[in-house]
Amino acid sequence: MFDFFKKKKKNPDIEEFTVEEKEEKAADEISQMQSEEEANDTSLDEIVEESEERSDLVEENPIELEVQSDDEEEKTGFFSKIKMGLAKTRKQFTSNLKNLFTSNVKIDDDLYEELEEILISADIGMTSTIEIVEELKDEIKARSIKDPNEIYPVLKEIMANKLKENNLENKLKLEKGKLSVILVIGVNGVGKTTTIGKLAYKLKNEGKNVMLAAADTFRAAAIDQLGEWASRGDIEMISHKEGADPSAVIFDAIKSARAKNVDVLICDTAGRLHNKKNLMKELEKINKTIDTHAKDALRDNLLILDATTGQNALSQLREFKNVTDITGLILTKLDGTAKGGVIYPLQLELNVPVKYIGVGESIDDIEEFDPDSFVEAIF
Ligand SMILES: Nc1nc2c(ncn2[C@@H]2O[C@H](COP(=O)(O)OP(=O)(O)O)[C@@H](O)[C@H]2O)c(=O)[nH]1
Ligand SMILES: [Mg+2]
């Protein structure tokens, strides 16, 4: 993916590419990537397998959270939490940008090329990068900016606007007096169960009557794990035994939720079922159960994606989008990665809004996704 820019850098004599040429290049790159993907058969089966391996690793070596000491004073307050969670992304991103926009540099094609490289290496992706840089060029021209130091705030503004334009439906579907059913899906190890624990607690604190359904019946440990979050947040959970039919769990939970005037029912699901076909069949059945037995309920199907997987998160979204309606994303583990920029291709290229972000393993390490705070936190 980098080759195109690298080649350009090594041959300064090559003429500047037009937007169309760049887009063509990008399209070529993407189709090449896709055919490579096909060749490598990066199917959901593999993604599932890979994530299982990863999660086994996690079980053996729990991730140590590195909290930078220079962020110590940022530990309090709402915004500081996001800022701390995004420390790794910010560190890589801003130091590169600040070096780039020093006043003794010229605003020319080389500068824009270097900027493109920085954005791409921050996992922002080729297509989104080109979109951002083209808009930046236009703005710089329109505002007659001559001092490179003035580029930084303009870039920040453009990057925030991009996220806003593509994040119109970023709220959960919640309405007073109506049941909302939130189905949480994603491959194994991305943070589904943890996120449900955090989200349930958050919604409860916002005054909602919350219930959990333990529809990941694949392993007993999965049910126990959700149970722990439920008792931590003092939230009711409906569960069956290991190996039970997930749809039966959800059916019972819907019945119980109605009887108890629950506002939000959040359903955990399994990310590891022998293979993709089973996983997708299971999801289909669960969706049908909810459609049938909670016809009048508000629905959200949230896909959980692990930010540390970078571009792989895009493949996961593509795969799941093919088989089920995804109303939103929750991007987890932003605290452990410099790949936070992946939020751009997820929203700009695949058009699914990010609703929440996970910035740690504690019960309150979840935030509503807000484009302004996000951009503020990575700059
Ligand atoms: N650092 C960090 N770890 C997380 C976050 N969300 C989940 N995890 C960890 O990721 C691992 C897998 O989470 P889990 O909820 O079991 O994933 P599931 O298989 O999708 O249900 C656990 O060790 C979690 O503590 C997050 O936002 N930040
Ligand atoms: Mg789980």
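Up top is the structure these notes are about.
The text that follows walks through the structure, step by step, so that each part is easy to find. Predicted model, so just to flag it, every value in this text is computed and none were measured.

Digging into the packing of helix H8 (residues 151-165) against helix H15 (residues 371-378)
Packing of H8 against H15 brings their axes to within 9 Å, and their N-to-C directions diverge by 145°. In the crossing of H8 with H15, the sense of the turn from one axis to the other is right-handed. In contact with Lys 156, Met 159, Ala 160, Leu 163 and Lys 164 of H8, H15 contributes Pro 371, Asp 372, Phe 374, Val 375 and Glu 376.

Observations regarding the packing of aromatic side chains
A complete count under the given rule lists three aromatic pairs for this structure. Between the aromatic rings of Phe 93 and Phe 379, the centroid separation amounts to 5.3 Å while the plane-to-plane angle is 85°, which identifies the pairing as edge-to-face. Highlighted residues: Phe 93 in helix H5 (residues 87-100) and Phe 379 in the segment after H15, separated in sequence by 286 residues. For the pair formed by Phe 93 and Phe 379, the shared burial category is buried. An angle of 65° between the planes, with centres 5.5 Å apart, marks the rings of Phe 369 and Phe 374 as edge-to-face. On the basis of relative accessibility, which here comes to 1%, the residue Phe 374 falls in the buried class. Among the aromatic residues, ring-to-ring pairing joins Phe 93, Tyr 152 and Phe 379 into one connected group.

Things to note about the site of ligand 1
Taken together, 18 residues lie near ligand 1, and Gly 189, Lys 192, Thr 194, Asp 335 and Glu 361 sit nearest. Here an oxygen atom of ligand 1 sits 3.0 Å away from a polar atom, N or O, in the side chain of Gln 225. Considered on its own, ligand 1 offers 580 Å² of accessible surface; in the complex 85% of this is hidden by protein. Broken down by element, the shell around ligand 1 gets its largest block of residues, four residues, from helix H9 (residues 192-205). Classifying every residue of the shell around ligand 1 by side-chain character gives five nonpolar, eight polar and five charged.

Topic: the environment of Phe 79
Looking at where Phe 79 falls in the secondary structure, it is placed in helix H4 (residues 78-85). Phe 79 sits in the partly exposed class, given a relative accessible area of 31%. Measuring from C-alpha to C-alpha, the distance between Phe 79 and Glu 376 comes to 9.1 Å, with 297 residues separating the pair along the chain. Each residue touching Phe 79, except ones within four places of it in the same chain, is listed here: Ser 373, Glu 376 and Ala 377.

Quick look at empty space enclosed by the protein
Under the defined criterion, the tally for this structure stands at one cavity of 30 Å³ or more. As a volume, the largest cavity reaches approximately 40 Å³. Asn 188, Asp 216, Phe 218, Arg 219, Ala 222, Ala 270, Gly 271 and Arg 272 are the residues that line the largest cavity.

Notes on the environment of Glu 236
With respect to the helices and strands, the residue Glu 236 is situated in strand S3 (residues 236-238). Sequence-wise, Glu 236 and Asn 209 are 27 residues apart; in three dimensions their C-alpha atoms are separated by 9.5 Å. Beyond its immediate sequence surroundings of up to four residues, Glu 236 is in contact with Val 210, Met 211, Leu 212, Ser 256 and Lys 260. Within the structure, Glu 236 has its side chain in polar contact with the side chain of Lys 260 (distance 2.7 Å).

Rules used in this analysis
- Residues numbered from 1 in each chain as written.
- Chains lettered and ligands numbered in written order.
- Predicted model: local features only at pLDDT ≥ 70, side-chain atom pairs only at ≥ 80, totals over all residues.
- Heavy atoms only, no water.
- Axes fitted to C-alpha atoms, helices over the stretch in contact; angles between N-to-C directions.
- Helix = DSSP H or I, 4+ residues; strand = E, 2+ residues; numbered from the N terminus.
- Left-handed = near helix turned anticlockwise from the far one by under 90°.
- Contact = heavy atoms within 4.5 Å.
- Phe/Tyr/Trp six-rings, centres within 6.5 Å; stacked < 30°, edge-to-face > 60°.
- Buried < 20%, exposed > 50% of the residue type's maximum accessible area, 1.4 Å probe, protein only.
- Near = heavy atom within 4 Å.
- Polar contact = N/O pair within 3.5 Å; in protein donor to acceptor, adjacent residues only side chain to side chain.
- Areas by Shrake-Rupley, 256 points an atom, 1.4 Å probe, with all protein chains shown as cover.
- Nonpolar A, V, L, I, M, F, W, Y, C, P; charged D, E, K, R; others polar.
- 1 Å grid on protein atoms, 1.4 Å probe; cavity = no way out; pocket = protein on both sides within 12 Å on 5 of 7 lines; lining within 4 Å.
- Points joined across faces, edges and corners; volume = space filled by probe spheres on them.

Bear in mind that shape data such as this cannot, by itself, settle questions of function.
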